[in-house]
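Spelled out from the first residue to the last, the chains are:
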Amino acid sequence: MFSMISSIAPTLPILLLQVRRDHIMEDTFSQLEQFHVTDLKKPMKVKFVGEEAVDQGGVTKEFFLLLMQKVLNPDYGMFEEHEEIRTMWFREQTFEDESKFASVGMLCGLAIYNFQIIDLRFPLVLYKKLLGSATSLIDLVDFSPAVLHSLEQLLQYEGDDFQETFSLAFEIVRERFEEPVVVELVPRGSSIPVNVDNREEYVAKYVDYLLNVSVQMQFTAFKAGFMRVFGNRRILELFQPEELMAMVVGNENYDWEELEKSTTYKDEYNPNHPTIRMFWDVFHEFTLEQKKKFLSYLTGSDRIPIQGMQSLKMYIQPVRGGENYLPVAHTCFNLLDLPVYTDKQRLCGKLLQAIDCTKGFGLI
């Protein structure tokens, strides 16, 4: 069925993905591999097989949320999480082939083309590499701060007992399928001691291995998929790494007053309704972290689109049932079901309970 869908997609004015919820990864990857490069630049629409919902933006958003949640799951084996700062990186040893990494690269490009924020918690160095910039020691700052600190100490050490203190050779120990493996950074590296004269070379080789050599296949395929969407390299040359990163994952240029001004209300709710006034009073009293948790609860991400806060378009509607009910977020529509509370303290408690107890994306 899905090969037939792909064969007719080039005749459509849109890029249409038809996926089954319980096979979202397999269906997406198989279709992306068959699309012509020109189709990848068409407006993207998603249909979940067996569902009647028409994609006016919410379905595509839900698709990206669900898919990236699965793709980035370390259990799947393509990526791993650096628990130190919760960033993701390519898994060095993987059973997945290049086509899967190329598909993830295409998805990142499609997210940019279709103004979708995705939860791709990669360090800035990924975007430097996509732009062709050379990597360096400082790129470890949001990759592995602990390794960065250790290597900086190595470079700054002024004692006469350098070799005795560090006892290093041009090698690195990595874990391969739960077993330690020694990898030489240069030919016969295990027999070359690191000293004051060659420590800069050692650090450069170490960083190069972590960021480039160890994941060359994975990143090369990822970039090839990303470039299938962009095609023209000159477009990317207009971006700095930070700007490209913001296009994919959003930014943190919060304007909470703008969020309030751009919110739309439904049914009896309006900007002057007592419950709405209490809601915004409570919200503006939240700490920054609480506001970010609310944003993640509402939209699936604690970051905002590069177009600014006004592009989020939050919706609030009343629900019946009484003040004992919690607010409920419909993540794919940025819609908040807010019971008609009459007490500010109760509203605050219920809202905090809702955002604190929600795990994942809270798709409803």
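Residues numbered from 1 in each chain as written. Predicted model: local features only at pLDDT ≥ 70, side-chain atom pairs only at ≥ 80, totals over all residues. Heavy atoms only, no water.

Details of the overall build of the protein
Each helix and strand counted, the protein has 15 helices and ten strands in total. Considering only C-alpha atoms, the protein reaches an extent of 75 × 55 × 40 Å along its principal axes. Out of the 364 residues in the protein, the part that is buried amounts to 48%. In the protein, the proportion of contacts linking residues at least 24 apart, taken out of those at least 6 apart, comes to 67%. Element-wise, carbon and sulfur atoms account for 51% of the exposed surface of the protein, whose accessible area totals about 18,100 Å². In the protein, the 36 positive side-chain charges and the 53 negative ones have mean positions that sit 7 Å from each other. (Helix = DSSP H or I, 4+ residues; strand = E, 2+ residues; numbered from the N terminus. Buried < 20%, exposed > 50% of the residue type's maximum accessible area, 1.4 Å probe, protein only. Contact = heavy atoms within 4.5 Å. Areas by Shrake-Rupley, 256 points an atom, 1.4 Å probe, with all protein chains shown as cover. Lys, Arg positive; Asp, Glu negative; His and termini not counted. Charge placed at Lys NZ, Arg CZ, Asp CG, Glu CD.)

Topic: the sheet that holds strand E9 (residues 328-330)
Strand pairing in a sheet relies on backbone hydrogen bonds, with the paired strands running either antiparallel or parallel. Ordered by their spatial adjacency, four strands build an open sheet running E7-E8-E10-E9, and the pairing between neighbours is mixed. At either margin of the open sheet sits one strand with a lone partner, and together these are strand E7 (264-265) and E9. Relative to strand E10 (residues 335-339), E9 runs antiparallel, the two sharing three bridges. Paired with valine 328 across the strands is aspartate 337, a residue of E10. Set on the sheet, helix H13 (residues 274-285) makes contact with E7, strand E8 (315-319) and E10; between it and E10 the angle comes to about 115°. (Pairing = 2+ DSSP bridges. Axes fitted to C-alpha atoms, helices over the stretch in contact; angles between N-to-C directions.)

A look at helix H2 (residues 24-32)
Most of H2 sits inside the fold, with seven of its nine residues counted as buried. Taken together, the buried positions of H2 are occupied by Ile24, Met25, Asp27, Thr28, Phe29, Gln31 and Leu32.

Quick notes on the pattern of salt bridges
As enumerated under the stated definition, the model contains 19 salt bridges in all. We note a salt bridge from glutamate 323 to arginine 346, for which the minimum N-O separation is 3.8 Å. Of this pair, glutamate 323 sits in the loop between E8 and E9 while arginine 346 sits in helix H15 (residues 344-357), and the two are 23 residues apart along the sequence. (Salt bridge = Lys/Arg side-chain N within 4 Å of Asp/Glu carboxyl O.)

Section: unusual backbone geometry
Unusually for a residue other than glycine, arginine 86 sits at a positive phi of about 60°. Residue position: arginine 86 is located in the loop between strand E3 (79-82) and strand E4 (87-90).

Structural notes on the packing of aromatic side chains
Taken as a whole, this structure holds 27 aromatic pairs when the rule is applied. Both rings, one in phenylalanine 279 and one in tryptophan 280, keep their centres 4.9 Å apart while their planes meet at 80°; by these two values the pair is edge-to-face. Taken together, Phe79, Trp89, Phe90, Phe101, Phe122, Phe143, Phe219 and Phe222 form an aromatic cluster joined through their ring pairs. Its guanidinium or amino end placed over the ring of phenylalanine 219, lysine 129 lies 4.2 Å from that ring's centre, counting from NZ or CZ. (Phe/Tyr/Trp six-rings, centres within 6.5 Å; stacked < 30°, edge-to-face > 60°. Lys NZ or Arg CZ within 6 Å of the ring centre and 35° of its normal.)

Quick word on the nonpolar core
Counting 74 residues, the largest nonpolar core has Phe63, Phe79, Phe90, Leu120 and Leu126 as its most contacted members. With eight residues, helix H4 (residues 98-113) is the single largest residue contributor to this core. Apart from residues no more than four positions distant in its own chain, phenylalanine 90 is found in contact with Met78, Phe79, Glu80, Phe101, Phe122, Leu126, Val215, Gln218, Phe219 and Phe222. Listed in part, the 30 residues of the second largest apolar core include Phe294, Leu298, Met314 and Ala329. (Core = buried A, V, L, I, M, F, W, Y, C linked by side-chain atoms within 4.5 Å.)

Side note on the packing of helix H6 (residues 145-156) against helix H8 (residues 199-211)
Following both chains from N to C, one finds H6 and H8 inclined at 165°, their axes separated by 9 Å at the closest point. On the basis of their axis angle, the class for H6 and H8 is roughly antiparallel. In this structure, H6 meets H8 at a crossing whose hand is left-handed. Note on element contacts: H8 touches H6 through Arg199, Glu200, Tyr202, Val203, Tyr206, Val207 and Leu210, opposite Val147, Leu151, Leu154, Leu155 and Gln156. Residues belonging to the contact of H6 with H8 are distributed by class as follows: nine nonpolar, one polar and two charged. (Parallel < 35°, antiparallel > 145°, perpendicular 65-115°, else oblique. Left-handed = near helix turned anticlockwise from the far one by under 90°. Nonpolar A, V, L, I, M, F, W, Y, C, P; charged D, E, K, R; others polar.)

Here's the deal with H4
In this model, H4 (16 residues) spans 23 Å end to end at C-alpha, consistent with the 22 Å of a helix rising 1.5 Å per residue. One or two positions beyond H4, positive phi appears at phenylalanine 115, with a value near 55°. (Expected span 1.5 Å × (residues − 1).)

Considering the pairing of strand E2 (residues 44-48)
The side-chain alternation of E2 yields one buried face, formed by Met44, Val46 and Phe48, and one unburied face, formed by Lys45 and Lys47. With five bridges connecting them, strand E1 (residues 15-19) and E2 associate as parallel partners. Along E2, the bridge assignment pairs valine 19 with phenylalanine 48. The parallel pair E1 and E2 is bridged by H2, and the resulting crossover is right-handed. (Right-handed = clockwise from strand over helix to strand, strands pointing away.)

Overview of the confidence of the model for the protein
Here the protein averages 89 in pLDDT, and 94% of its residues register 70 or above. The weakest mean pLDDT in the protein belongs to helix H1 (residues 2-8) at 44; the strongest belongs to H8 at 98. Throughout residues 1-10 the model reports pLDDT below 50, and contacts reaching past four residues in sequence, or to other chains, amount to 17 contacts. Ignoring residues within four places in sequence, the model shows residues 359-364, a span with pLDDT below 50, making 16 contacts including any to other chains. (pLDDT = per-residue confidence, 0-100.)

So, the environment of methionine 314
Considering the arrangement of structural elements, one finds methionine 314 in the loop between helix H14 (288-299) and E8. Separated by 15 residues in the primary sequence, methionine 314 and threonine 299 place their C-alpha atoms 8.8 Å from one another. Methionine 314 has contacts with Leu259, Ser262, Thr263, Thr264, Phe279, Trp280, Phe294, Leu298, Asn334 and Leu336, leaving out every residue within four places of it along the chain.

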